[in-house]
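A look at the structure
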Amino acid sequence: MKEVKEQKHFYAAMYLRLSREDSDVGTTADPENARGKDGIFRAESNSIGSQRELIRSFIREQTDIELFDSYADDNYSGSNFNRPEFKRMMGDIEAGRVNCVIVKDLSRFGRDYIESGRYLERVFPALGVRFIALTDRYDSFSADAGERNIVLPVKNFINDSYCRDISTKVKSQLAVKRGNGEYLAAFAVYGYQKSPEDKNKLLVDDYAAEIIRKIFAWKIEGMAVSAIVEKLNELHVLSPREYKKSKGLNYRGGFSGGSGSRWSSSAVKRILTNETYLGHLVQGKTERINYKIKKCVEKPKEEWVRVENTHEAIISPDDFAIVQNLLKSDGRISPERKELSPFMGLLFCGDCKEQMVRRVNRYKGTEKVYYICSTKNRGEGCSRHSTLETALKKLTETAIRRYANDFLEQERLFTQAKECEANLQAVINYNKEITRLKQEQDKYYSLCAGLYEDLRTGVITKEEFERLHSEFQRKADNLSAAEENQEQLVRDMFKSGVLSAGRLASFKDSLQLKEIDRHTLASLVKRIWVYEGKRVEIEFYFTDQYRAMAYFNQSTDSDSSVAHSKAEIKAKTALSEIERGA
């Protein structure tokens, strides 16, 4: 410090800093009314302009200090020193152009206890730099040992604690907002825009929403993600990043996917898997390591905050589920073939579980299209499982019509289900698993009751009574919880069954067509398994909902119960006949 005191003239850097944490904004529900204890706006007293004026007034009164330059980091946290203007100031100090740093107070310099102490106690003294904090009345030129070794570290520690406290409060407030279903991202997800009245509410952007619907429709039609990307670029559709910019938003998202002006596979994949388009918000997927480090880490999926029905949906739940299933087996179209296979993403080898690949055999003006196992095609084992496309179409069309028609024959059941949707007790009472759990629970309650008689007659001791009673009660409580879970499962299946009934009813017209189209096929079929010996198994959607409808029917009408059971058997028999015909 001796070298500093020998200086006769100082060239000062006026350092200014302001961030949101330095006002009471973020710690109150109403930022506009964030006042300090004295009733004065904290943001105003800490503003860049206020800091600048205070320091200028001080310098004007000093005969040995001349202002070299002003360095202002606006909207930068004090929890670290990774700030552009601070770095520029340090460059001027190291170049010998600045030998004095003046700040309004120590918190303007920084709130990191360790790093602030390192600069003030080591770096600045080593470089011969004088440090002045005006409102803290600290000047390294005249400070004694007590100020340097006690007062300065204590104030830095308090500033660090304040920063940590603010970070905790902000996290708590954001957690509450997420739980309330408020949208917290800086920019609305593609397909939506922020409400002018409420920035935490999403509204549908009609143009972008139509692009989203087309992307989902193309995927359901059988297009690979790469083919969708190619089509979007051919149509000169603005990528999400460029679309935001075209609307005047200062968007600098991290997901540019290479060239920001073109669509990428990652951008399309994010759209196809984003639950926001269902009308739900899933937030809190990442978190900062701590309040001093901006780097974020992924949180476990079970810790994400999911709130349903927070805004208008763009995609139906059924279409979204279909696309998630198709994405598991996304492929690509060969350059020489532009038409789409109706079985894209649906057809699999029943033995090795790999996708079947489409092959075309042309001979003397005729064309034969068939599918073989992709594992065999690569020469890695398995067998061909060769199946003609024409035969496969006929088989699947027959199976789909019989399955869907059997479901649709129960229209009276669906009508009853909708009318009784609020009263599901009949369904719950019929469920065999719930009945079993109730009987098991009653058994343990009976055992508990019997223990009292055994204790009274001296068959068991008091210690044995307490041990057995505790064990029987614990098992009864576990069965009670399992019973509640099973009842909720039935409720969910029932409600889902009602929705699925409406979905299937929408296919009435399609089922009259001579040929089942791709959308109907993908909407009803999860997987088609092809085995050797021309055996085909079709895995349909809505099987759980079908059972839920059966529970309801059997619990409300014994006659229709028999009819429904026969209908279910009929569907199974029909499928067996188709398999044998293959």
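About the thresholds
- Residues numbered from 1 in each chain as written.
- Predicted model: local features only at pLDDT ≥ 70, side-chain atom pairs only at ≥ 80, totals over all residues.
- Heavy atoms only, no water.
- Helix = DSSP H or I, 4+ residues; strand = E, 2+ residues; numbered from the N terminus.
- Buried < 20%, exposed > 50% of the residue type's maximum accessible area, 1.4 Å probe, protein only.
- Contact = heavy atoms within 4.5 Å.
- Areas by Shrake-Rupley, 256 points an atom, 1.4 Å probe, with all protein chains shown as cover.
- Pairing = 2+ DSSP bridges.
- Axes fitted to C-alpha atoms, helices over the stretch in contact; angles between N-to-C directions.
- Salt bridge = Lys/Arg side-chain N within 4 Å of Asp/Glu carboxyl O.
- Core = buried A, V, L, I, M, F, W, Y, C linked by side-chain atoms within 4.5 Å.
- Phe/Tyr/Trp six-rings, centres within 6.5 Å; stacked < 30°, edge-to-face > 60°.
- Lys NZ or Arg CZ within 6 Å of the ring centre and 35° of its normal.
- Expected span 1.5 Å × (residues − 1).
- Arc of directions from axis to C-beta.
- Parallel < 35°, antiparallel > 145°, perpendicular 65-115°, else oblique.
- Left-handed = near helix turned anticlockwise from the far one by under 90°.
- Bend = angle between axes of the 7 residues up to and from the residue.
- Nonpolar A, V, L, I, M, F, W, Y, C, P; charged D, E, K, R; others polar.

A few points about the overall build of the protein chain
A tally of helices and strands in the protein chain yields 22 helices and 17 strands. For the protein chain, with 582 residues in total, the buried portion stands at 43%. Across the protein chain, the fraction of contacts at a sequence separation of at least 24, relative to all contacts at a separation of at least 6, is 66%. On the protein chain, roughly 31400 Å² of surface is accessible, and the fraction owed to carbon and sulfur atoms is 50%.

Observations concerning the pairing of strand β3 (residues 100-103)
Burial along β3 is two-sided: Cys100 and Ile102 facing one way and Val101 and Val103 facing the other are all buried. Two strands pair when backbone bridges link them, and strand β1 (residues 10-18) and β3 are joined in this way by three bridges, in the parallel orientation. Paired with Ala13 across the two strands is Val101, which belongs to β3.

A word on the sheet that holds strand β16 (residues 525-531)
Pairing is mixed across the open sheet formed by three strands, whose spatial order is β12-β16-β17. Bordering the open sheet on either side are β12 (347-349) and β17 (535-540), each of which pairs with just one other strand. Averaged over all pairs of adjacent strands, the angle between their axes in this sheet comes to 25°, without regard to strand direction. With three bridges joining them, β12 and β16 adopt parallel strand pairing.

Focus on the pattern of salt bridges
Throughout the structure, instances matching the rule amount to 21 salt bridges. In this structure, the salt-bridge partner of Arg456 is Glu453, at a minimum N-O distance of 2.6 Å. Of the two residues, Arg456 and Glu453 both sit in helix α17 (residues 432-457), three residues apart, roughly one turn of that helix. The class for Arg456 is exposed, based on a relative accessible area of 63%. One salt-bridge network, in which partners are shared between bridges, spans Asp64, Arg130 and Asp139.

Focus: unusual backbone geometry
In most cases, non-glycine residues show a negative phi, while peptide bonds are predominantly trans. The backbone of His236 sits at a positive phi, close to 60°, despite the residue not being glycine. With respect to the helices and strands, His236 occurs in the loop between α9 (225-234) and α10 (240-246). Residue His236 is classed as exposed on the basis of its relative accessible area, which comes to 70%.

Let's talk about the nonpolar core
In this structure, Tyr190, Ile215, Phe216, Leu232, Trp263, Val268 and Tyr277 are the most contacted members of the largest nonpolar core, which totals 61 residues. Dropping the residues within four chain positions of it, Tyr277 is found in contact with Val189, Tyr190, Tyr192, Ile212, Phe216, Ile271, Ala313, Ile314 and Ile315. In this structure, Ala13, Phe81, Phe86 and Leu106 belong to the second largest nonpolar core, which totals 22 residues.

Focus on the sheet that holds strand β4 (residues 130-133)
The pairing of strands in a sheet happens through backbone hydrogen bonds and is either parallel or antiparallel. Taken in spatial order, the five strands line up as β2-β1-β3-β4-β5 in an open sheet, and their pairing is mixed. Looking at which strands have only one partner, the edges of the open sheet turn out to be β2 (65-74) and β5 (138-139). Relative to β4, β3 runs parallel, the two being bridged by four bridges. Looking at the pairing, Val101 lines up with Phe131 of β4.

Topic: the packing of aromatic side chains
By the definition in use, this model includes 22 aromatic pairs. With 5.8 Å between their ring centres and 65° between their planes, Phe109 and Phe124 make a pair best called edge-to-face. Remark: Phe124 occurs in helix α6 (residues 113-127) and Phe109 occurs in helix α5 (residues 106-109); sequence separation between them is 15 residues. Each member of the pair, Phe109 as well as Phe124, carries the same accessibility label: buried. In this structure an aromatic cluster arises from ring pairing among Tyr15, Phe81, Phe86, Phe109, Tyr119, Phe124, Phe131 and Tyr138. Above the face of the Trp304 ring, Lys285 is positioned so that its terminal group lies 4.9 Å from the ring centre.

A short note on helix α3 (residues 48-60)
The terminal C-alpha atoms of α3, which comprises 13 residues, lie 18 Å apart, in line with the 18 Å expected from a rise of 1.5 Å per residue. Listed as buried for α3 are Ile48, Gln51, Ile55, Phe58 and Ile59. The arc enclosing the buried residues of α3, seen along the axis, measures out at 100°, which places them on a common side.

Quick look at the packing of helix α8 (residues 206-221) against α9
In contact at an axis separation of 10 Å, α8 and α9 are set at 140° when each is read in the N-to-C sense. What the angle tells us is that α8 and α9 run oblique. The two elements α8 and α9 cross, and the hand of that crossing is right-handed. The segment α8 lies against α9, with Ile211, Ile215, Trp218 and Lys219 engaging Val225, Ile228, Lys231 and Leu232.

Description of the side chain of Asn233
As for its position among the elements, Asn233 is in helix α9. Filtering out sequence-adjacent residues up to four positions away, Asn233 remains in contact with Arg262 and Trp263.

Quick word on the environment of Pro300
Here Pro300 shows up in the loop between β10 (293-298) and β11 (305-307). Pro300 sits 14 residues away from Thr286 along the chain, and the two C-alpha atoms are 8.7 Å apart.

As for α6
Owing to its 3.6 residues per turn, the α-helix brings residues three or four apart onto one side. Over its 15 residues, α6 extends 20 Å from the first C-alpha to the last, a length consistent with the 21 Å expected when each residue adds 1.5 Å. Along its length, α6 shows its largest kink, about 35°, at Tyr119. Among all positions of α6, only Ser116, Gly117, Tyr119, Leu120, Val123 and Phe124 are buried. In the stretch just after α6, Gly128 is the one whose phi turns positive, near 70°.

A short note on the packing of helix α4 (residues 84-94) against α6
One can describe the packing of α4 onto α6 by two numbers: an axis separation of 10 Å at closest approach and a directional angle of 35°. The two elements α4 and α6 cross, and the hand of that crossing is left-handed. The segment α4 lies against α6, with Phe86, Met90, Ile93 and Glu94 engaging Tyr119, Val123, Phe124 and Leu127. Across the contact of α4 with α6, the residue classes tally to seven nonpolar, no polar and one charged.

What about the pairing of strand β14 (residues 366-373)?
Relative to β14, strand β13 (residues 356-363) runs antiparallel, the two sharing eight bridges. Bridging from a neighbouring strand, Arg362 pairs with Glu367 of β14. In this structure, the hairpin formed by β13 and β14 is closed by a connection of two residues, where Lys364 is found at a positive phi of approximately 50°.

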